[in-house]
Amino acid sequence: MKREQWGSRAGFILAAVGSAIGLGNIWRFPYMAYENGGGAFFIPYLFAMLTAGIPFMIMEFSLGHKLRGAAPRAFAQLGGKFEWLGWFQVSIAAIIAIYYVAIIGWAISYLGFSFSQSWGDDTNAFFFTEYLKLGENSPSQLGGLQLHIAIPMIIAWAISFAAIFSGVKAGIERASKIMMPLLFIMVLALIGRIIFLPGALDGLTYLFQPDFSKIMDAKVWSAAYGQIFFTLSVGFAIMIAYSSYLPEKSDINNNAFMTVLINCGFSITAGLLIFGVLGYMAQEQAKPITEVVSAGVGLAFVTIPAAINLLPLPFIFGPLFFLALVVAGLSSHISILEAVTSALIDKLHWTRKKAASVVCGSGFVISMAFATNGGLLLLDLVDYFINNIALLSSCLIELVIVAWLLKISDIRHYVNSISEFSIGRWFEVCVRFLSPALLAIILFTNFINTFN
Ligand code: PHE
Ligand code: NA
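Computed from a predicted model, the values in this text were never measured in an experiment.

Here's the deal with the overall build of the protein chain
- When helices and strands are tallied, the protein chain shows 18 helices and 0 strands.
- Computed over C-alpha atoms, the radius of gyration of the protein chain comes to 21 Å, within 12% of the 22 Å expected from 2.2 N^0.38 for 452 residues, which places it in the range of a compact globule.
- Considering only contacts in the protein chain between residues 6 or more positions apart, those separated by 24 or more positions represent 86%.

Quick look at the nonpolar core
- M57, I58, A71, A93, A237 and A339 are the most contacted members of the largest nonpolar core, which has 161 residues in total.
- With 19 residues, helix α5 (residues 83-114) is the single largest residue contributor to this core.

Topic: the packing of helix α2 (residues 23-35) against helix α12 (residues 252-284)
- Axis separation between α2 and α12 bottoms out at 8 Å; the angle between their running directions is 80°. With respect to their mutual orientation, α2 and α12 come out roughly perpendicular. For the pair α2 and α12, contact is made by N25, I26, F29, P30 and A33 and by F266, S267, A270, G271, I274 and F275, respectively.
- Here the contact of α2 with α12 is built from residues that sort into 8 nonpolar, 3 polar and no charged.

Observations concerning helix α7 (residues 147-166)
- Spanning 20 residues, α7 covers 28 Å between terminal C-alpha atoms, matching the ideal 28 Å at 1.5 Å per step.
- Of all the residues in α7, the buried ones are I149, P152, M153, A156, W157, S160, F161, A163 and I164.
- Of the surrounding secondary structure, the elements contacted by the buried residues of α7 are α5, α8 (168-194), α14 (314-348), α15 (352-367) and α16 (375-405).

Quick notes on unusual backbone geometry
- Unusually for a residue other than glycine, R68 sits at a positive phi of about 50°.
- Looking at where R68 falls in the secondary structure, it is placed in the loop between α3 (42-67) and α4 (71-76).
- Its 17 C-beta neighbours within 10 Å are what place R68 among the partly exposed residues.
- Unusually for a residue other than glycine, L313 sits at a positive phi of about 50°.

Some details on the environment of F47
- Tracing the backbone through its elements, the reader meets F47 in helix α3.
- Note: C-alpha distance between F47 and N416 (369 residues apart in sequence) is 22 Å.

A look at the packing of helix α1 (residues 9-20) against α8
- The contact between α1 and α8 brings their axes to 8 Å, and the two run at 70°. With respect to their mutual orientation, α1 and α8 come out roughly perpendicular. For the pair α1 and α8, the contacting residues are G11, L14, A15, V17 and G18 in the first and I172, E173, S176, K177, M179 and M180 in the second.
- In terms of residue class, the contact of α1 with α8 is built from 6 nonpolar, 3 polar and 2 charged.

So, the site of ligand 1
- Taken together, 15 residues are adjacent to ligand 1, and G22, G24, T231, S233 and S332 come closest.
- Within the residue set of the shell around ligand 1, elements represented by two or more residues are α1, α2, α10 (218-231) and α14.
- Taken together, the residues of the shell around ligand 1 sort by class into 7 nonpolar, 8 polar and no charged.

Here we look at the environment of M49
- Relative to the helices and strands, M49 resides in helix α3.
- With 23 C-beta atoms counted inside 10 Å, the residue M49 sits in the buried group.
- For the pair M49 and F229, spaced 180 residues apart in the sequence, the C-alpha separation amounts to 8.9 Å.

Remarks on the environment of V359
- Along the chain, the position of V359 falls in helix α15.
- Taking C-alpha positions, V359 is 12 Å from I95, a pair spaced 264 residues apart along the chain.
- Leaving out residues up to four positions away in the same chain, V359 has contacts with L337, V340, T341 and L344.

Looking at the confidence of the model for the protein chain
- Residues of the protein chain with pLDDT of at least 70 account for 98%, and the chain-wide mean is 92.
- Per-residue pLDDT stays below 50 along residues 138-142; that stretch engages in 5 contacts with residues further than four places along the chain or on separate chains.
- Taken together, the chains of this predicted complex give a pTM of 0.94 and an interface ipTM of 0.95.

Rules used throughout
- Residues numbered from 1 in each chain as written.
- Chains lettered and ligands numbered in written order.
- Predicted model: local features only at pLDDT ≥ 70, side-chain atom pairs only at ≥ 80, totals over all residues.
- Helix = DSSP H or I, 4+ residues; strand = E, 2+ residues; numbered from the N terminus.
- Rg over C-alpha atoms; globule rule 2.2 N^0.38 Å.
- Contact = placed C-beta atoms within 7 Å.
- Core = buried A, V, L, I, M, F, W, Y, C linked by C-beta atoms within 7 Å.
- Buried ≥ 20, exposed ≤ 12 C-beta atoms within 10 Å, placed from the backbone.
- Axes fitted to C-alpha atoms, helices over the stretch in contact; angles between N-to-C directions.
- Parallel < 35°, antiparallel > 145°, perpendicular 65-115°, else oblique.
- Nonpolar A, V, L, I, M, F, W, Y, C, P; charged D, E, K, R; others polar.
- Expected span 1.5 Å × (residues − 1).
- Near = placed C-beta within 6 Å.
- pLDDT = per-residue confidence, 0-100.

Below, the structure is given as structure tokens:
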């Protein structure tokens, strides 16, 4: 059977960008930048983007494009011995798909609440006690399914399933072409208004004010590299699967640069939005901004709702923000599921419809564990393990195999032969020496921190 293909180059890039831009850009990046030296963080961040992000993306795009398979098949073709790496990555992707959908579900709920700010004044109590029901640990409740959490998760599954089931062009590409422009417009509209609110510029000052003393701090560099790998969705089997649907004639170098630059540009834009809002909130509550900043789940579901309460026209800002979160999340969720689905299609020769149904069906059932009141605990645990250990190990193993056991110069010649502009020897230096060395250091530090 002929392999499916993207309908257009823009379609592929939007899908790849859709995968990269996710919850991490909105709630992880701004805080990371703030925590790690503000404006000065951009130096390690851009350095990591150039030395690790772009080379890694080129490498994964070329693997998928050349070997025409999802990760397991692509790695198997590298010499037969490495198929397991593909399945390792596919398993990570499967785990992520299952917990990522919980957060999308919460965002869908909050999209609903946002029209009338039904989260009330105490957004902290609302989220943890009323919504997640964390306080209610009576044995009869523990493990009981929370329908109000399950239903939005079902909606998220249904949308992702529809995209995967309909195929690369009719499903994933079509969804990306609707979702990504919508996301960009919504975020720009939000920023366009928020930047003019009193205090917003103070927030941006906090974000961008460089603390150069941090530049020499190893932790800051580790944070920058960690963020780059996480945000670009590399090492998850995703970009390999997506690039396996590229037509023969494709400009790999250019596509990789575009994907990385759009993603990182979006992150900085999201930083403007989040810190603009936080600055306004600090001013309204007459607090220093250091008391209102937060990250992750707390930022999205506690701080932002509280900020929305204070905004003029909350019933417009609220839905825009949460819809943006839902769209960013769904486009990433679709890509994670495709990494798993395409691997099964390759290996078992299932039809796409069958593979999509099995993947989404079983994923859906397991994900219901997150719709219980143990959900948040479980999520924190899985999230920590994935971000700090699994993802980085997978990237490191991939680099060692591809860059050391194979001839990486072949990859460089391959991509240069089909791309409009060529990449130089720096590419090899980055993937053979710089990135593996840095990854090994970061991973080692994370291990120590985890077991201490
Ligand atoms: N890159 C996404 C983000 O920044 C996260 C993601 C994780 C995407 C796993 C796909 C798979 O949020
Ligand atoms: Na991202």
